[in-house]
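# Remarks on the overall topology
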Amino acid sequence: MTAEAVQVKAFYDAHGFLSGLPVLGTEELEATRMAFEKLEEEYGTEHTQYSLHNTHQAYPWAMDLAAHPDILKVITAVLGPDIILLNSRFICKYPSSDVPRRDDVVPYVAWLQDIKYWGFEGGPVASVWLALDDVDTENGVLQVIPGSHTRGVLEHQTAIAPGNMLTANQEIPRHLVDPESAVECPLKAGQMSIHDGLTVHASEPNMSHRRRCGFVIRYIPTSAYPVEEDLFPFVAGVGMAKMRSDLGSKSERNGE
């Protein structure tokens, strides 16, 4: 492991997240935006805000993003060299002019831990947020609570406020969250953040006139194994096989 990778892993292990990491160049970003906008045209923005799941299995350009060398360099630094692509989805918060709000409710993401949604043990889950647009306070930036990944799995309950984008409509009870200790993870388009599956995080509504779209990619080490197979039966398949092919198995790299 290089000195840079050691520093990256040390910060990630201590704080549970990384942010502001460059990934896509200008041409890559433009091509990705154009490809995503075709999906918006095909499916409509009400669908593309949260329902484009595992697009890497259907679109080579999305698989290329998940296997991007600059992403894998960091992921392998924090998870180790043997990893599996678990899942991907686009998450977009649109201005109300693009996606009409139902009952005047603005979409947000409640305080949660990603691990609550994945039935895995034997290794951590790392979630990448790859920004297609600039992300800031105004349009609903990701907020994380540094060090919260050391607290284990916290209680989750049904969300109180309407508008929660999470499929299961869960949130961590307010008495277990200290919002004052949260930090924002602003990103320029083409940058990424990464957070641990146990890191407590959330995001406020998009109150701007700009789209806030990101490609969320989740990885696990090959030591992880499912313990709730029916929770997300569609997480593996093509993605898992391709990621192993890109990285090479441990025995292949050792010449065995």
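Above this text sits the structure in question.
So, a few notes on the structure that sits alongside this text. All values reported here derive from a predicted model rather than from experimental measurement. (Residues numbered from 1 in each chain as written. Predicted model: local features only at pLDDT ≥ 70, side-chain atom pairs only at ≥ 80, totals over all residues. Heavy atoms only, no water.)

Counted according to the given criterion, the structure contains one disulfide. Here Cys92 is linked by a disulfide to Cys213, with a sulfur-sulfur distance of 2.3 Å. Placement of the pair is Cys92 in strand S2 (residues 83–93) and Cys213 in strand S12 (residues 212–221), with a sequence separation of 121 residues. Of the two residues, Cys92 and Cys213, both sit in the buried class. (Disulfide = S-S within 2.5 Å. Helix = DSSP H or I, 4+ residues; strand = E, 2+ residues; numbered from the N terminus. Buried < 20%, exposed > 50% of the residue type's maximum accessible area, 1.4 Å probe, protein only.)

A word on the environment of Asp13. Assignment of secondary structure puts Asp13 in helix H1 (residues 3–15). The exposure class of Asp13 is partly exposed, given its relative accessible area of 38%. When the C-alpha positions of Asp13 and Asp196 are compared, they lie 8.8 Å apart, and in sequence the two are 183 residues distant.

Take helix H5 (residues 69–79) next. Of all the positions in H5, only Ile71, Leu72, Val74, Ile75, Ala77, Val78 and Leu79 are classed as buried. Trailing H5 by a residue or two, Gly80 shows a phi angle of about 105°, which is positive.

As a further point, take the sheet that holds strand S11 (residues 201–203). Taken together, the four strands give an open sheet; going across it, the order is S3-S11-S6-S9, and neighbouring strands pair in antiparallel fashion. Here the strands that pair on one side only, and so sit at the sheet edges, are strand S3 (109–112) and strand S9 (183–184). (Pairing = 2+ DSSP bridges.)

Purely spatial values, then, with no claim about function.
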